[in-house]
Number of protein chains: 2
Amino acid sequence: MIKFFYAAHTCALASHICLEEVGAEYSTARIDFASGEQRQPHYLAINPKGRVPTMVTDRGILTETPAILAFIAQSFPAARLAPLDDPFAFAQVQAFNSYLCSTVHVAHAHRMRGYRWADDPVAIKEMQRKVPESVGACFDLIERDMLKGPWVMGEAYTICDPYLFTLAQWLEADGVELARLAKVADHSRRMSERPAVRKAIAAELS
Amino acid sequence: MIKFFYAAHTCALASHICLEEVGAEYSTARIDFASGEQRQPHYLAINPKGRVPTMVTDRGILTETPAILAFIAQSFPAARLAPLDDPFAFAQVQAFNSYLCSTVHVAHAHRMRGYRWADDPVAIKEMQRKVPESVGACFDLIERDMLKGPWVMGEAYTICDPYLFTLAQWLEADGVELARLAKVADHSRRMSERPAVRKAIAAELS
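Just so it is clear, the model here is predicted, and its values are computed rather than measured. (Residues numbered from 1 in each chain as written. Chains lettered and ligands numbered in written order. Predicted model: local features only at pLDDT ≥ 70, side-chain atom pairs only at ≥ 80, totals over all residues. Heavy atoms only, no water.)

Asks: Any details on the pairing of strand 2 (residues 26–30) of chain B? Residues and values, ideally.
Replies: All names here are of chain B. Pairing between strand 1 (residues 2–6) and strand 2: 5 bridges, direction parallel. Across the sheet, Phe4 pairs through a bridge with Thr28, a residue of strand 2. Following the chain from strand 1 across helix 1 (residues 12–21) to the adjacent parallel strand 2, one finds a crossover that is right-handed. (Pairing = 2+ DSSP bridges. Helix = DSSP H or I, 4+ residues; strand = E, 2+ residues; numbered from the N terminus. Right-handed = clockwise from strand over helix to strand, strands pointing away.)

This is the structure we're talking about:
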């Protein structure tokens, strides 16, 4: 059975939602970022990166959101969370998720985790200052060119949707006005009505 | 036929090598980063992100290295560049590549592209100062926990190998001593002897 390690208010929510969407049997373990649990030996033994999510399966340990999302889609093909028999369409799904992890999430991370890339408090503050602009530019591109509607990939709900929803949750705190992102805002609203989304969020905040 | 857009000395090399490894028919177009060609309308019309690589296929346009690498592996299954019939093993491949794009490449990018996350020249300089430490920590983890040997995933050569090789090329300029990374250095040496690697590099530098 799957054991899923997450922390509240992190990108782990995307994988958590997908586990709910496919009806997977799994247990969860919450990692407390506030106390630095992700850096304690018992967790580093499972995930030496000290990050979430981590998914422990019968075959071994998986990390990295895009990899976990594709794994869930491939392991539960009946849920049709990705176009598994079409390499080009699958690559479009993966390209979207790769943009989220390598560009959008990274821009966001300069608000809370600037210490990864600088030590000087003044530089860290300057990084924080630019987050509304850098995250805003990412979401302007998503709004204009990437979110096909009603779901990210068009008519089909895929593993892109919980991931976009998860990162869009951070927009307000990142200082990006949702008013200019009509499609993203509508997407978030419809996502928040899905039973799988409600269940994953309730579990993380309980 | 595939048209592949790249710039020299970028992560596009990973996909370029894989196109050679599978014997794909493709043409190339070089984008001149020095003159800012990636920001010119003719290129933004193809890839609005203004980044490389971009792969134009008969079906449409693909971006993002991890997505392109998996697409090449799935489109040329005879080349066996990924464990396509094993979702868990495929997810391990994807997790490795996702770490490279979202953490390793991002750490490196703070040396040359700090303007993405800050405007103040002092902050940008401070980001550059930390690159040897942040990139070094990523590669220490790869050396210790991730590179199984002889190839990234063990006995099988996969799409992880050209990607690791590509990022390892930047270590010296990033200020990371290769001497402490014996497995990574040996991997790079063996990679550089492969005909596909030699051919892709020669084409990019010609």
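So, next bit.
Asks: Could you give an account of the interface of chain A and chain B, naming the residues involved and the relevant values?
Replies: Note on interface size: it is often stated as the accessible area lost on association of the parts. In this assembly, 50 residues from chain A lie in contact with 50 residues from chain B. For the pair chain A and chain B, the summed buried area comes to about 3800 Å², and 60% of that belongs to carbon and sulfur atoms. When the buried surface of chain A facing chain B is broken down by residue, Arg59, Phe88 and Trp117 of chain A rank first, second and third, together holding 17% of it. At the surface where chain A touches chain B, the tally comes to 6 salt bridges. A salt bridge links Arg129 of chain B to Asp119 of chain A, with the nearest nitrogen and oxygen atoms 2.9 Å apart. If you look at where chain A meets chain B, you find 14 residue pairs in polar contact (both at pLDDT 80 or more). Broken down by secondary-structure element, the contributors of at least two residues to the side of chain A that touches chain B are strand 4 (61–63), helix 3 (65–75), helix 4 (87–112) and helix 5 (121–146) of chain A. Top element by residues in the side of chain A that touches chain B is helix 4 of chain A. It accounts for 16 residues. (Contact = heavy atoms within 4.5 Å. Buried area = accessible area lost by both parts, 1.4 Å probe. Salt bridge = Lys/Arg side-chain N within 4 Å of Asp/Glu carboxyl O. Polar contact = N/O pair within 3.5 Å; in protein donor to acceptor, adjacent residues only side chain to side chain.)

Asks: Any chance you could break down the relation of the copies chain A and chain B for me, citing the residues and the numbers?
Replies: With an RMSD of 0.0 Å, the fit of chain A onto chain B corresponds to turning through 180 degrees and sliding 0.0 Å along the axis. The superposition operator between the copies reduces to a two-fold rotation axis. Same-surface contact between copies: 100% of interface residues of chain A are shared with the interface of chain B. (Least-squares fit on C-alpha atoms with pLDDT ≥ 70 in both.)

Asks: Any details on helix 7 (residues 182–192) of chain A? Residues and values, ideally.
Replies: When helix 7 of chain A is considered as a whole, its buried residues turn out to be Val184, His187, Ser188, Arg190 and Met191 of chain A. Buried residues of helix 7 of chain A fall within an arc of 165 degrees about the axis and therefore sit on the same side. (Buried < 20%, exposed > 50% of the residue type's maximum accessible area, 1.4 Å probe, protein only. Arc of directions from axis to C-beta.)

Asks: An account of the packing of helix 4 of chain A against helix 5 of chain A is needed here, citing residue identities and associated values.
Replies: Two quantities define a packed helix pair, namely the angle between the axes and the distance from one axis to the other. Residue and element names in this part refer to chain A. It is at 6 Å that the axes of helix 4 and helix 5 come closest, and there the two elements cross at 155 degrees. Of the possible angle classes, the one that applies to helix 4 and helix 5 is roughly antiparallel. For the pair helix 4 and helix 5, the sense of crossing is left-handed. From helix 4, Phe96, Tyr99, Leu100, Thr103, Val104, Ala107, His108, His110 and Arg111 reach across to helix 5, where they touch Met127, Gln128, Val131, Ser134, Val135, Cys138, Phe139, Leu141, Ile142 and Met146. Taken together, the residues of the contact of helix 4 with helix 5 sort by class into 13 nonpolar, 5 polar and 1 charged. (Axes fitted to C-alpha atoms, helices over the stretch in contact; angles between N-to-C directions. Parallel < 35°, antiparallel > 145°, perpendicular 65-115°, else oblique. Left-handed = near helix turned anticlockwise from the far one by under 90°. Nonpolar A, V, L, I, M, F, W, Y, C, P; charged D, E, K, R; others polar.)

Asks: Explain the confidence of the model for chain A to me, using residue names and the numbers behind them.
Replies: Confidence in the prediction of chain A, expressed as mean pLDDT, is 97, and 100% of residues score 70 or more. Across the interfaces of the predicted complex, the ipTM metric reaches 0.98, alongside a pTM of 0.98. (pLDDT = per-residue confidence, 0-100.)

Asks: I'd like a description of empty space enclosed by the protein, backed by residues and values.
Replies: Which parts of space are left empty comes out when a probe the size of a water molecule is rolled across the atoms. Throughout the structure, instances matching the rule amount to 1 cavity of 30 Å³ or more. Around the largest cavity, the lining residues are Pro66, Ala67, Gln94, Asn97, Ser98 and Cys101 of chain A together with Pro66, Ala67, Gln94, Asn97, Ser98 and Cys101 of chain B. Contributions of two or more residues to the lining of the largest cavity are made by helix 3 and helix 4 of chain A together with helix 3 (65–75) and helix 4 (87–112) of chain B. Here the residues of the lining of the largest cavity are counted per class, giving 6 nonpolar, 6 polar and no charged. (1 Å grid on protein atoms, 1.4 Å probe; cavity = no way out; pocket = protein on both sides within 12 Å on 5 of 7 lines; lining within 4 Å. Points joined across faces, edges and corners; volume = space filled by probe spheres on them.)

Asks: So what's going on with the sheet that holds strand 1 (residues 2–6) of chain A? Residues and values would help.
Replies: Residues and elements named next belong to chain A. Strand order in the open sheet made by the 4 strands is 2-1-3-4, with mixed pairing throughout. Two strands bound the open sheet, and with one partner strand each, they are strand 2 (26–30) and strand 4. In this sheet, adjacent strand axes meet at a mean angle of 20 degrees when their direction is disregarded. Both strand 3 (residues 54–56) and strand 4 contribute to a ladder of 3 bridges, which runs antiparallel. Across the sheet, the residue bridging to Met55 is Leu62, located in strand 4.

Asks: Summarise the packing of helix 3 of chain A against helix 4 of chain B; cite the residues concerned and give the values.
Replies: Interhelical geometry of helix 3 of chain A versus helix 4 of chain B gives an angle of 160 degrees and a closest axis separation of 8 Å. Considering their axes alone, helix 3 of chain A and helix 4 of chain B lie roughly antiparallel with respect to each other. Here the hand of the crossing between helix 3 of chain A and helix 4 of chain B comes out right-handed. Only Pro87, Phe88, Phe90, Ala91, Gln94, Ala95 and Ser98 of chain B of helix 4 of chain B make contact with helix 3 of chain A, whose side of the interface consists of Pro66, Ala67, Ala70, Phe71, Gln74 and Ser75 of chain A.

Asks: Which residues make up the environment of Cys101 of chain A, and what are the values?
Replies: Its location among the elements puts Cys101 of chain A in helix 4. When its relative accessible area of 7% is taken as the criterion, Cys101 of chain A is described as buried. Once the C-alpha coordinates of Cys101 of chain A and Ala8 of chain A are considered, the two residues, 93 residues apart in sequence, prove to be 18 Å apart. Sequence-distant contacts of Cys101 of chain A, that is, excluding residues within four places in its chain, are made with Pro66, Val106 and Tyr163 of chain A together with Ser98, Cys101 and Ser102 of chain B.

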